[in-house]
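Fold and geometry: a report
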Amino acid sequence: MDTDVLVVGAGPTGLALGIDLARRGVTALVVERAGALFPGSRGKGIQPRTMEVFDDLGVLDAIRAAGGPYPVGRIWQDGRPAGEHRMFDATEPSEDAPYTEPWMVPQWRTQQILRARLEELGGGVAFGREVVGLTQDGEGVRAECASGEAVTARYAVAADGGRSTVRGLLGIGMAGETVDPHPTLVADVRITGLDRDNWHVFPPGAGDGFLAICPLAGTEDFQLVAQFPEDTAPDLSLEGVRKVVAARSHLAPESVTELRWASDFRPRAALADRFRSGRVFLAGDAAHVHSPAGGQGLNTSVQDAYNLGWKLGAVLCDGADAALLDSYEQERRPIAAEMLGLSTRVHRGETRRGEATGQLGIGYRRSPLTRETRTDPGPVRAGDRAPDGSVAGVRLFDAFRGPHWTLLALGDAQAPDLGPRIPVVRGPAPGPYGPGLFLVRPDGHVGWAGDTAAGLADHLARFGQG
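Notes on the structure follow. (Residues numbered from 1 in each chain as written. Predicted model: local features only at pLDDT ≥ 70, side-chain atom pairs only at ≥ 80, totals over all residues. Heavy atoms only, no water.)

Some details on the environment of Asp2
Short version of the rule: Secondary structure counts use DSSP, requiring at least four H or I residues in a row for a helix and at least two E residues in a row for a strand, with both numbered from the N terminus.
Note that Asp2 resides in strand 1 (residues 2–8). With 374 residues separating them in the primary sequence, Asp2 and Asp376 have C-alpha atoms 50 Å apart.

A look at the packing of helix 1 (residues 12–22) against helix 4 (residues 107–120)
Quick note on the threshold: Angles shown run from 0 to 180 degrees and are taken between the N-to-C directions of axes, each axis being a line fitted to C-alpha atoms and, for helices, limited to the stretch in contact. Angle categories are assigned with fixed cut-offs, so that under 35 degrees is roughly parallel, over 145 is roughly antiparallel, 65 to 115 is roughly perpendicular, and the rest are oblique. Helix crossings fall into two classes, left-handed where the near helix is turned counterclockwise from the far one by less than a right angle and right-handed where it is turned clockwise. A contact between two residues is defined here by any heavy atoms of the two lying within 4.5 Å. Here the nonpolar group is Ala, Val, Leu, Ile, Met, Phe, Trp, Tyr, Cys and Pro; Asp, Glu, Lys and Arg are the charged ones; every other residue, Gly included, is treated as polar.
In contact at an axis separation of 9 Å, helix 1 and helix 4 are set at 20° when each is read in the N-to-C sense. With respect to each other, helix 1 and helix 4 are oriented roughly parallel. For helix 1 against helix 4, the interelement crossing comes out left-handed. For the pair formed by helix 1 and helix 4, the contact residues are Pro12, Leu15, Ala16, Gly18, Ile19 and Ala22 on the first element and Gln107, Gln111, Leu114, Arg115, Arg117 and Leu118 on the second. When its residues are assigned to classes, the contact of helix 1 with helix 4 shows seven nonpolar, three polar and two charged.

Focus: the sheet that holds strand 5 (residues 72–77)
Sheets are built from strands paired through backbone hydrogen bonds, the pairs being either parallel or antiparallel. Cut-off, in case you're wondering: A pair of strands is considered paired only if DSSP assigns at least 2 bridges between the two.
Reading across the sheet, the seven strands line up as 6-5-14-15-16-13-17 and stay open at both edges, with mixed pairing between neighbours. Strands at the two margins of the open sheet, each flanked by one partner only, are strand 6 (80–85) and strand 17 (256–265). Averaged over all neighbouring strand pairs, the angle between strand axes comes to 25°, with direction disregarded. Across six bridges, strand 13 (residues 184–191) lies against strand 16 (residues 222–227) in antiparallel orientation. Each bridged residue has a counterpart across the sheet, and for Val186 the counterpart in strand 16 is Val225. Here helix 6 (residues 238–248) sits on the sheet and contacts strand 13, strand 14 (198–202), strand 15 (211–215), strand 16 and strand 17; the angle it forms with strand 17, its principal contact strand, is near 95°.

Structural data, given as structure tokens:
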């Protein structure tokens, strides 16, 4: 079996990458060792920047319909409400940032939506394909599956999670630390006796860790999270979950009517030594593992895919030099390291969820792909996320949507005709932009900015857009 790109793992990372490649006309095969999509809620928070990514990938409406806003935390003491806790600092939406708060969608539902979009674009997932061997040369990659099948591809992407088999086959190390030595149980349950308008928090008691029970938006389920003392092995059975609920809350054991999924973990932060080995790339949890605090793992992972997808498309379809792919690690590894530090600080109570966890401020000013040529740049500079706004009646996110580049000619800046592949939006400068020319990359970041078009054509030629 031959394909342009082999994507190993059908989690949010692999599915998002599959979508981005499919809409660019890149032939990709997404393989998953399991027989079905991951069944649990685990990564349930969609951050504002990821909402913008999902808008571009064509799944935002489905994501919004499937979820809801985060509820206010209700703190319980001795069976009575004893206060409220807000999980993050609220920020009002604006024209340049229409999404400013996380949106709750259980991970299993997010994956269903992404898979449906992938299939809509002509792609799909091959289940029951476990990669157990990998070789590569200057022409491509050959992956051996446990079933005896082999897949050959020009490039491969390991999106197979924190215990990545592919990362191990490549011999890439992963350094990190234990964020919290206490084992944590996470489970999806059906439960009675609690309202669905609040995130119910039961503080630690004598000898026990905390218990939190959150209604999962768009479902009848609750996500239960319970912390345990060190060297404890949490009981993942229905009876085990019932015992925890009865011991740490005012609820009776039988209040837990159904256990739909359960897992346990020890929060840690780890970063792969490299994000690339030859023709194979690491993305998502295979490249970086986060504490779930702050909701950075799934979101950073989806944005890995969003960064890599357009670059693979440029090399495979547009004739860009393969050296462009070096920029994936150069751009994403520092971001992953930054988000790991943020997740750890949130977990330890050293910072609150808010503007930073929304990821709208992430950019690539120091990237080798970034060129800022203006003599007096304004607030938005080359490398930054391209804000939303309205220019001469055109909403910018509408103009950006799709796999293309976009040129903004704002104020008195004169734009050349770049042909039908690169639309040009002309008009007064909205919000934070200021006057000038802004070349917006396919992943919604300003790649080049100038007072005039000098150097613009040469910059585009690097990406096969000449």
